[in-house]
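So the chains spell out like this:
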Amino acid sequence: YLVVIQLFLGNSCRFIAKPCAINLGIQDSGPHRAQPNAILEKVFTSITKSPDGKRLEGLSKQLDWDVQKIQRWFRHRRNQDKPTTLTKFCESMWRFTFYFSIFFYGIRFLWTAPWFWDTRQCWYNYPFQPLTSRLYYYYILELAFYWSLMFSQFTDIKRKDFLIMFVHHLATIGLITFSYMNNMVRVGTLVLCLHDASDFLLEAAKLANYAKYQRLCDAFFMLFGVVFIVTRLGIYPFWILNTTLFESWELIGPYPSWWLFNGLLVTLQVLHVIWSYLIIRTASKALVRGKVSKDDRSDVESSSEEEDVTSNSTKGIFSTSSNGSNRLNGHVASGQWTGE
């Protein structure tokens, strides 16, 4: 299934996302390329990509360039290795397609499931609960998707929440695998569906941002923020954690894996609180100032053009640099916030 997900990624980018991006006027052009210079290139590839003040002064004397020009060269050189806006659009497109499809598949499946309306049904007759084919495919597809996110995280742009996302992917994969092995798939489907509820909205906001539909982008982001906070800080602790911590203890007692299972679920809740804080802070800046110069989950490296003209911040929830990269481009992550 991991191979199927990767094939889906490649084909959706090639036959769907790329033509859509081109029709929207998104060009396959990267950021400004650095001026060819053998000495600076050697320093960049062999020594450091971000030279300190002492090294900058030495290079300035060697090349007869001022320090600011050398700093600008290194910014351009770092940025030219980043993926283009078209590449980011394609990535968000396939993630949006998957999140949207899997969420509505989950809602359609769970709507007729008794444990969707009464969480105590998750523990009746446990662990002797049948595993239907629909449950199996739902679980396996979600597991394959998160494994693909785990692998791609090391090849995507490194972001400030890399460690948080890494912990999140580990916890998610661990929960899916653990709950499947212990036949806790009923409560597992609730967790999966709840997490998918907001992810496709974040990807939709990113797509609008890349296409430079700022108002649509802001609307999707605000909707994403509301859904995220309601599901992760409201429904998740009072619906999911309530049944795994208290109802399960009442109905089947402290089973051997109770502590590990709930430990992973509580870890997810801690991540939810961190992401909610970042979302609220970003939205507050937009509402108070009418603009956000830099998001809290931005790429590690800012675009060189934006650094050179910091006063010209773009209005809206997402601040877009001249090369089209957004400032809230996860994996939730979502994405990424993400991604959650």
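Read on for a plain summary of the structure. Please read all numbers here as calculations on a predicted model, not as lab measurements.

**Concerning unusual backbone geometry**
- A cis geometry characterises the amide bond from Tyr126 onward to Pro127, with omega recorded as 5 degrees.
- Looking at the element boundaries, Pro127 is found in the loop between α6 (114–117) and α7 (133–152).
- Positioned with a positive phi, Asn125 is a non-glycine residue whose angle comes to about 60 degrees.
- Positionally, Asn125 belongs in the loop between α6 and α7.
- Unusually for a residue other than glycine, Lys212 sits at a positive phi of about 65 degrees.
- Tracing the sequence through the fold places Lys212 in the loop between α9 (185–210) and α10 (214–252).

**Observations regarding the pattern of salt bridges**
- Counted by the stated rule, this structure contains three salt bridges.
- For Arg232, the salt bridge goes to Asp199, with nearest N and O atoms at 3.5 Å. In this pair, Arg232 sits in helix α10 while Asp199 sits in helix α9, placing the two residues 33 residues apart along the sequence.
- Overall, the relative accessible area of 0% leaves Arg232 in the buried class.
- A relative accessible area of 0% places Asp199 in the buried class.

**A closer look at the packing of helix α2 (residues 38–46) against helix α4 (residues 67–79)**
- Contact geometry for α2 and α4: axes closest at 11 Å, N-to-C directions at 55 degrees. It follows from the interaxial angle that α2 and α4 lie oblique. The interaxial crossing formed by α2 with α4 has right-handed handedness. In contact with Leu40, Glu41, Val43 and Phe44 of α2, α4 contributes Ile70, Trp73, Phe74, Arg77 and Arg78.
- Grouping the constituent residues of the contact of α2 with α4 by class yields six nonpolar, no polar and three charged.

Calculation notes
Residues numbered from 1 in each chain as written. Predicted model: local features only at pLDDT ≥ 70, side-chain atom pairs only at ≥ 80, totals over all residues. Heavy atoms only, no water. Helix = DSSP H or I, 4+ residues; strand = E, 2+ residues; numbered from the N terminus. Salt bridge = Lys/Arg side-chain N within 4 Å of Asp/Glu carboxyl O. Buried < 20%, exposed > 50% of the residue type's maximum accessible area, 1.4 Å probe, protein only. Axes fitted to C-alpha atoms, helices over the stretch in contact; angles between N-to-C directions. Parallel < 35°, antiparallel > 145°, perpendicular 65-115°, else oblique. Left-handed = near helix turned anticlockwise from the far one by under 90°. Contact = heavy atoms within 4.5 Å. Nonpolar A, V, L, I, M, F, W, Y, C, P; charged D, E, K, R; others polar.

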